[in-house]
Amino acid sequence: MGVFISLRASNKVDPVQWEKAYEETLLLVDWFKLINFQEFEKFGCKYVAAVKCQECQYPGGMGWCTVGEGVYMATAEDFFLPRKIDEPKINEKYCNPLMYIYAQEGDINFENPYVKGLRYLWDSKTQGEPYHIALLAIACLLDDRLNGEVVCGSDITYGQCEYAVELANKILKKKIQMPLRCRIDDLYERVRQLPLDTDQMLDAFAIMYLGIKDERYYKFVKEHFSEEEQYLFIKKKMNNYGLGMYGFANDLQEILSYNIPIAKICSAFLEMDVRKTNLIKSDEEAFKFFIESILDTDIYLPEKDMRDCLKVDESTPETMSVEKLLASVMFMSARNRSVARYIPLEDLKSQLGLAFGDKCDVNGIINNYLKEKLTKLKKEKKDFRTELNDAHDAFNNKIDAKKEKYDIIVSNHIIFYKTGKSFSPEILKVIESSMEFFGDLLKEPTFAELSQKDYKEQCRFLETHNRSLKLMNSVWLKIFDNIENDPTCFKRYYPMVRIKITNDTTHNFVRAYVENDDFYDFCQTLAP
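Everything quoted here is computed from the prediction, not taken from an experiment. (Residues numbered from 1 in each chain as written. Predicted model: local features only at pLDDT ≥ 70, side-chain atom pairs only at ≥ 80, totals over all residues. Heavy atoms only, no water.)

1. Focus: helix α19 (residues 455-465)
Inference 1: Residues of α19 that are buried include every one of Q458, C459, F461, L462 and E463, and no others.
Inference 2: Turning to α19, the residues buried within the fold contact β2 (34-42), β3 (45-52), α18 (445-451), α20 (473-485) and α21 (490-493). (Buried < 20%, exposed > 50% of the residue type's maximum accessible area, 1.4 Å probe, protein only. Helix = DSSP H or I, 4+ residues; strand = E, 2+ residues; numbered from the N terminus. Contact = heavy atoms within 4.5 Å.)

See the structure below:
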């Protein structure tokens with residue numbers, strides 16, 4: 001489980017144009033301060049340190065490789081981009097990278113020849129760390145310069161693309177536009193050219209489009225896809241999962257968001273094999289479950305709560321974190337099933353009655369559902385979904401209030417401390433408890449022994465005992481110089497390899513303590 005970025009290129013990309021675009025990526029690599037790790041040797045010992053990402057020779061050829069960025073020193077998996085690519089094979093059929101996007105979520109697999117023929121570039125985890133946006137900016141650059149022949153996928157959103165393009169355009173001489181998957185008209189033209197069946201067209205378009213699925217999007221679909229294509233789309237969605245499965249509720253929520261008549265949705269349901277999962281025991285139970293699933297979307301309410309804290313806000317640069325990803329699985333029953341579409345209750349009853357009236361008691365099912373819902377609300381006041389979203393909003397409001405009152409409220413901002421800045425009580429507590437622990441570490445016999453050694457022995461100790469602290473090599477060299485020129489400063493660095501770094505908060509504190517002189521001076525005022 002993780003947060004990914006994938007990148008695929010068509011098999012017909014011109015190597016000359018690729019290398020021109022690659023040259024521009026180097027500007028972004030430098031500007032975003034992307035890093036890699038290297039092994040160094042000093043005083044007869046080896047140590048690993050971060051360095052600015054540079055082009056060099058890798059097993060995959062000349063290119064650059066990164067595992068994170070050097071501002072927050074947050075890292076995850078590695079991403080490599082080659083300077084050169086092979087010439088296209090003349091006799092090969094054209095493979096569009098959009099096909100990979102459809103393979104990720106649609107009903108073609110990765111063994112499809114139009115997917116296998118693509119150039120593999122990236123498919124690794126960023127875990128939502130800051131370099132996620134940097135890599136996306138580079139992907140958007142390649143998308144723009146190579147006319148959509150390079151396409152980015154996995155855990156990205158419209159809001160992230162918008163932010164990434166904005167940042168990239170601050171440094172690039174020639175501006176880039178939003179990527180192909182965000183431009184609805186251009187994407188539509190490309191999708192129409194894909195080797196897909198009629199029942200896959202709208203499904204593929206819906207999966208590939210990164211833009212916000214709002215009224216404009218649904219209007220576009222209605223105008224550009226035939227009634228047959230829309231019907232085949234909902235029929236395919238209906239049969240992705242069996243009735244009663246979690247995935248079925250997700251697909252039904254998506255289907256109901258489209259301006260497709262309820263009658264057609266009901267027709268697609270009637271063609272389903274409703275008992276294929278063994279979760280539904282009778283036809284009567286199937287109709288009841290389906291009607292109640294429609295009502296679960298609040299489609300009959302003119303106003304509804306559309307909040308869903310378990311999802312990423314696709315209109316903002318927010319990235320999915322591993323923590324939120326886990327929460328979305330643990331609390332899946334609290335997912336917001338509401339759709340923005342509105343059908344008055346009486347109209348909904350009428351349409352469902354026309355479709356199922358001879359097969360079940362539609363009015364009875366709806367009335368009982370509403371009665372049970374009202375009883376539950378009177379008893380519990382709020383459902384779990386609302387409570388979760390309210391708690392999330394209250395938490396964010398507290399964060400906003402802290403931002404107004406304190407300068408630093410999160411641990412990864414400690415590194416930016418300047419004299420006179422204020423900390424939130426929670427961060428201050430972390431600093432105070434850490435300083436108390438550092439005081440205990442300086443009482444260790446090992447520290448007393450090393451204090452009597454020469455600076456080279458002290459530096460070797462730091463090199464050989466560091467396990468988890470990520471520092472730039474320039475910082476390591478500064479540490480070595482400081483210890484050589486001032487024997488008393490070893491006490492500043494000894495704790496950094498003695499404390500067990502098991503989380504980001506500890507890492508961020510130790511790094512700031514080692515790197516930031518203003519913060520170090522502040523900490524000395526708290527030392528026991």
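2. Some details on the sheet that holds strand β1 (residues 4-9)
Backbone hydrogen bonds are what pair the strands of a sheet, in a parallel or an antiparallel way.
Inference 1: Reading across from one edge, β7-β1-β8 is the order of the 3 strands in this open sheet, with antiparallel pairing throughout. At either margin of the open sheet sits one strand with a lone partner, and together these are β7 (119-125) and β8 (150-154). With strand direction ignored, the average angle separating the axes of adjacent strands in the sheet is 15°.
Inference 2: Packing against the sheet, helix α4 (residues 131-145) makes contact with β1, β7 and β8, and its axis sits at approximately 15° to β1. (Pairing = 2+ DSSP bridges. Axes fitted to C-alpha atoms, helices over the stretch in contact; angles between N-to-C directions.)

3. Description of the packing of helix α12 (residues 283-295) against helix α15 (residues 362-380)
Packed helices, taken two at a time, are described by their axes: the angle between them and the distance between them.
Inference 1: Put simply, α12 and α15 touch, their axes get as near as 10 Å, and they point 50° apart. Classified by the angle between their axes, α12 and α15 sit oblique to one another. The interaxial crossing formed by α12 with α15 has right-handed handedness. Of α15, the residues touching α12 (which contributes K288, I291, E292 and L295) are V362, I365, I366 and Y369. (Parallel < 35°, antiparallel > 145°, perpendicular 65-115°, else oblique. Left-handed = near helix turned anticlockwise from the far one by under 90°.)

4. Let's talk about the packing of aromatic side chains
Inference 1: Scanning all chains against the criterion turns up 45 aromatic pairs.
Inference 2: Pairing F509 with Y513 gives two aromatic rings, centres 5.9 Å apart and planes at 35°, and the pair type is tilted. Note that F509 and Y513 are positioned in helix α22 (residues 504-515) at a spacing of 4 residues, about one turn of the helix.
Inference 3: Residue Y513 is classed as buried on the basis of its relative accessible area of 4%.
Inference 4: By way of ring pairs, the aromatic residues Y188, F205, Y209, Y217, Y218, F220, F225, F233 and Y258 are connected into one cluster.
Inference 5: In this structure, R8 is placed above the aromatic ring of Y100, and the distance from its NZ or CZ to the ring centre is 3.8 Å.
Inference 6: Lying over the aromatic face of Y520, R492 brings its terminal NZ or CZ to 4.3 Å of the ring centre. (Phe/Tyr/Trp six-rings, centres within 6.5 Å; stacked < 30°, edge-to-face > 60°. Lys NZ or Arg CZ within 6 Å of the ring centre and 35° of its normal.)

5. Examining unusual backbone geometry
Inference 1: Even without being a glycine, M73 presents a positive backbone phi close to 55°.
Inference 2: For M73, the position within the fold is in the loop between β5 (61-69) and β6 (74-82).
Inference 3: Positive phi values are uncommon outside glycine, yet N147 reaches one of about 55°.

6. Thoughts on the environment of I427
Inference 1: You can see I427 is positioned in helix α17 (residues 425-441).
Inference 2: Owing to a relative accessible area of 7%, I427 belongs among the buried residues under this scheme.
Inference 3: Residues I427 and V410, spaced 17 residues apart in sequence, show a C-alpha to C-alpha distance of 6.9 Å.
Inference 4: The contacts of I427, once residues within four sequence positions are left out, are I408, I409, V410, S411 and I414.

7. Here we look at the pattern of salt bridges
Inference 1: If you walk through the whole model with that rule in mind, you get 35 salt bridges.
Inference 2: Note that D30 is salt-bridged to K52, the shortest N-O span being 2.7 Å. In this pair, D30 is assigned in helix α1 (residues 15-31) and K52 in strand β3, connecting sequence segments 22 residues apart.
Inference 3: Residue D30 is classed as partly exposed on the basis of its relative accessible area, which comes to 43%.
Inference 4: Classification of K52 by relative accessible area gives partly exposed; the value is 39%.
Inference 5: Among the ionic pairs, D203 bridges to K237, the shortest N-O distance being 3.9 Å. Separated by 34 residues along the polypeptide, D203 in helix α7 (residues 201-208) and K237 in helix α9 (residues 227-238) bring together distant segments of the chain.
Inference 6: One continuous salt-bridge network, built from bridges that share partners, spans E19, E23, E55, R83 and K84. (Salt bridge = Lys/Arg side-chain N within 4 Å of Asp/Glu carboxyl O.)

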